[in-house]
Amino acid sequence: MTRKRHYLLSSLTLIAGLFSLSASADQKEVTIAYQDMVVPWRVAHEAGELEKATGYKINFRQFAGGGDVIRALASGQVSIGEAGSAPIASAVSQGLPIELFWILDDINEAEALVARDGSNVNSIADLKGKKIGVPFTSTTHFHTLVALQHARVNPNDVQIVNLRPPEIAAAWERGNLDATFIWDPVLSKVKKSGKVLTTSGEISKQTGKTTFDGIVVNQAWAKDNADFLVKFVKVLAKADENYRKNKAKWTADSAEAKAVAKISGAKVEDVPATIALYRFPTLEEQASSRWLGGGKDGGAAQSLLATANFLKSQGTIANVLTDYSANVTPVFVQKAAK
């Protein structure tokens, strides 16, 4: 090789390296908090679909509960996070600048109040004097209190203890709990040695107080990364649609079930039955007044208001807003649907 040719190749290599460094420096990055919910979105997560669709570097961080996700958002550790309607209502009521832009799931039958075998609890009324484990400020905490009130059981007559899902599983195994109101993968475990007293779907029908899991984003970050969020919504909507159209194919040995199990931590054999308990609103339903649309009177805004009122009555939060629609946006769903 001549010196001139060697010099030329070296120069090209240097330029290519500098270009690569520049491209890397220009690549945008975001940290997303997720939990152990068993939902179709986990398949796209595992396959790296969001990275492919947006070009962003995605850092996923798993948290044990919605309260932990909200704290991570408040501290700036994450920009986007999954949380239930109760922690979202609590966060918004306390002035955290976040907005709900996607309904991850209508919880429906996917959260249940289960009494442990041998606890002598056969109805909600039997919970008086018993110990219930729930993650505080979660959707199950909210519905535990709603269920007790609906059954005319004073919550003060029940020992409600604050435990994260993994702690509930451990306490259940030790026999330290009489009941728990929880979601999968822990729900599947406790059902094996317990009796379902009621579900979130039943409570919603009885009282009109719906619960859901949603995805929220820091408002300032959303303003600067609107295109990312539209593409994110398209990935989420596609994942849900693929599930709705192919439910029969989601068997325990399917690639989809294995992907969900890998990301959520659920047992793969439990995935098909667990995911069937949820309901996943379509893009059109998300944009409608049933969920993100409708302003102050929209379903999500009204659900957050009802949840906040209940949390305040229990001393969990100090203030309730008159309108929660400023923290609920249908914009990204509407743009994704075009």
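Residues numbered from 1 in each chain as written. Predicted model: local features only at pLDDT ≥ 70, side-chain atom pairs only at ≥ 80, totals over all residues. Heavy atoms only, no water.

The condition is simple: UniProt positions are given in the numbering used here, feature names are shortened, and annotations may be inferred rather than shown by experiment.
In the nomenclature of an unreviewed UniProt entry, the protein is known as Taurine ABC transporter substrate-binding protein of Rhodocyclus tenuis. UniProt lists a comment for the protein under the heading Subcellular location (unreviewed entry), and it reads "Periplasm". Listed under Sequence similarities (unreviewed entry) in UniProt, the entry text for the protein is "Belongs to the bacterial solute-binding protein SsuA/TauA family."

Let's talk about the side chain of Glu 82
Rules: Here a helix means four or more residues in a row that DSSP labels H or I, a strand means two or more in a row labelled E, and each is numbered from the N terminus. The classification of residues rests on relative accessible area computed with a 1.4 Å probe and restricted to protein chains. Under 20% of the type maximum is buried, over 50% is exposed, and intermediate values are partly exposed. In protein, a polar contact means a hydrogen-donor-capable atom and an acceptor-capable atom, both N or O and within 3.5 Å, with residues adjacent in sequence counting only if both atoms are side-chain atoms; elsewhere, any N or O pair within 3.5 Å suffices. Any two residues having at least one pair of non-hydrogen atoms within 4.5 Å are treated as being in contact.
Tracing the chain through its elements places Glu 82 in strand β3 (residues 80-84). A relative accessible area of 1% means that Glu 82 is categorised as buried. At 3.0 Å, the side chain of Glu 82 and the side chain of Trp 41 are in polar contact. Excluding residues within four positions of it along the chain, Glu 82 makes contact with Ala 33, Tyr 34, Gln 35, Met 37, Trp 41, Arg 42, Val 69, Leu 104, Gly 214 and Ile 215.

What about the sheet that holds strand β7 (residues 159-162)?
As a general point, the strands of a sheet are linked pairwise by backbone hydrogen bonds and lie either parallel or antiparallel. For clarity, the cut-off: In short, DSSP must find at least two bridges between two strands for them to pair. In this description, a line fitted to the C-alpha atoms serves as the axis of each element, helices being fitted only across the stretch in contact, and the angle between N-to-C directions of two axes falls anywhere from 0 to 180 degrees.
With mixed pairing, five strands are arranged side by side in an open sheet as β7-β6-β8-β5-β9. Both edges of this open sheet fall to β7 and β9 (194-199), since each of them pairs with a single strand only. The average undirected angle you get between the axes of adjacent strands in this sheet is 25°. In the packing of helix α6 (residues 139-150) onto the sheet, the strands contacted are β5 (111-116), β6 (131-134), β7 and β8 (179-183), and the crossing angle to β8 comes to about 135°. Packing against the sheet, helix α7 (residues 165-174) makes contact with β5, β6, β8 and β9, and its axis sits at approximately 140° to β8.

A closer look at the UniProt feature "domain: Solute-binding protein family 3/N-terminal" (unreviewed entry) in the protein
Mapped onto this structure's residue numbering, the UniProt feature "domain: Solute-binding protein family 3/N-terminal" (unreviewed entry) falls at residues 29-247. The span residues 29-247 carries 43% helix and 26% strand; its end-to-end C-alpha distance comes to 33 Å.

Points about the packing of helix α5 (residues 85-93) against helix α15 (residues 299-313)
Relative placement of two packed helices is described by the angle separating their axes and the distance separating the axes. Heads up, the rule is: Orientation categories follow fixed angle ranges, with anything under 35 degrees roughly parallel, anything over 145 roughly antiparallel, 65 to 115 roughly perpendicular, and all other angles oblique. Three classes are used: nonpolar for Ala, Val, Leu, Ile, Met, Phe, Trp, Tyr, Cys and Pro, charged for Asp, Glu, Lys and Arg, and polar for all others, with Gly counted as polar.
Axis separation between α5 and α15 bottoms out at 9 Å; the angle between their running directions is 80°. The orientation of α5 with respect to α15, classified from their angle, is roughly perpendicular. Along its contact with α5, which presents Ser 85, Ala 86, Ile 88, Ala 89, Ser 90 and Ser 93, the element α15 presents Ser 303, Leu 304, Thr 307, Ala 308 and Leu 311. A breakdown of the residues in the contact of α5 with α15 according to their chemical character gives six nonpolar, five polar and no charged.

Things to note about the environment of Val 43
When you line up the elements, Val 43 lands in helix α2 (residues 41-47). A sequence separation of 124 residues divides Val 43 from Glu 167, and the C-alpha atoms of the two residues are 27 Å apart. Setting aside anything within four residues of it in sequence, one finds Val 43 in contact with Trp 250, Glu 256, Ala 259 and Val 260.

Thoughts on the nonpolar core
Quick reminder of the rule: Nonpolar cores were defined as sets of buried Ala, Val, Leu, Ile, Met, Phe, Trp, Tyr and Cys residues, with membership established by side-chain atoms within 4.5 Å. The domain boundaries here were taken from an automatic or database domain assignment.
Ile 80, Phe 101, Trp 102, Phe 228, Leu 229 and Phe 232 are the most contacted members of the largest nonpolar core, which has 87 residues in total. In terms of residues, this core owes the most to one element, helix α11 (residues 226-245), which gives 10 residues. Counting contributing residues, this core receives three or more from each of domain 1 (29-107 + 211-337) and domain 2 (111-207). Excluding residues that lie within four positions of it along the chain, Leu 229 makes contacts with Ile 80, Phe 101, Val 217, Trp 221, Ala 222 and Phe 332.

Thoughts on the sheet that holds β3
Taken in spatial order, the five strands make up an open sheet running β2-β1-β3-β10-β4, and their pairing is mixed. Since the sheet does not close on itself, it has two edges, and those belong to β2 (57-62) and β4 (98-106), each with one partner. Direction aside, the axes of adjacent strands within the sheet are offset by 25° on average. In this sheet, strand β10 (residues 212-218) lies alongside β4 in antiparallel orientation, the contact comprising seven bridges. Within the sheet, the bridge partner assigned to Asp 106 lies in β10 and is Phe 212. Sheet strands touched by α5: β3, β4 and β10. Its angle to β3, the strand with the most contacts, is close to 115°.

Overview of unusual backbone geometry
For the bond running from Asp 184 to Pro 185, omega is 10°, close enough to zero to count as cis. Mapped onto the elements, Pro 185 comes out in the loop between β8 and α8 (186-191). The backbone of Asn 108 shows a phi angle near 55°, a positive value even though the residue is not glycine. One can find Asn 108 in the loop between β4 and β5.

Quick word on the packing of aromatic side chains
Put simply, the rule reads: Each pair of aromatic rings taken from Phe, Tyr and Trp, with Trp reduced to its six-membered ring, is defined by centres within 6.5 Å and is described as stacked if the planes are under 30 degrees apart, edge-to-face if over 60, and tilted in the remaining cases. The rule is short: NZ of Lys or CZ of Arg within 6 Å of the ring centre and within 35 degrees of the ring normal puts a charge over the ring.
Considering all chains together, one arrives at 14 aromatic pairs under this definition. Taking the centre distance of 4.5 Å and the plane angle of 45° together, the rings of Tyr 56 and Phe 228 count as tilted. Pair noted here: Tyr 56 is in the loop between α3 (49-54) and β2 and Phe 228 is in helix α11, with a separation of 172 residues, a long-range link. The same class applies to Tyr 56 as to Phe 228, namely buried. Here Phe 101 and Phe 332 contribute two aromatic rings whose centre-to-centre distance is 6.3 Å and whose plane-to-plane angle is 85°, an arrangement assigned as edge-to-face. With a gap of 231 residues between them, Phe 101 in strand β4 and Phe 332 in helix α16 (residues 331-337) connect regions that are remote in the sequence. Taken individually, Phe 101 and Phe 332 each receive the classification buried, so the pair is uniform in this respect. Three or more aromatic residues link up through ring pairs in this structure, and these residues are Tyr 34, Trp 41, Tyr 56, Phe 60, Phe 101, Trp 221, Phe 228, Phe 232 and Phe 332. Here the basic side chain of Arg 290 rests over the ring of Trp 291, its NZ or CZ set 4.2 Å away from the ring centre.

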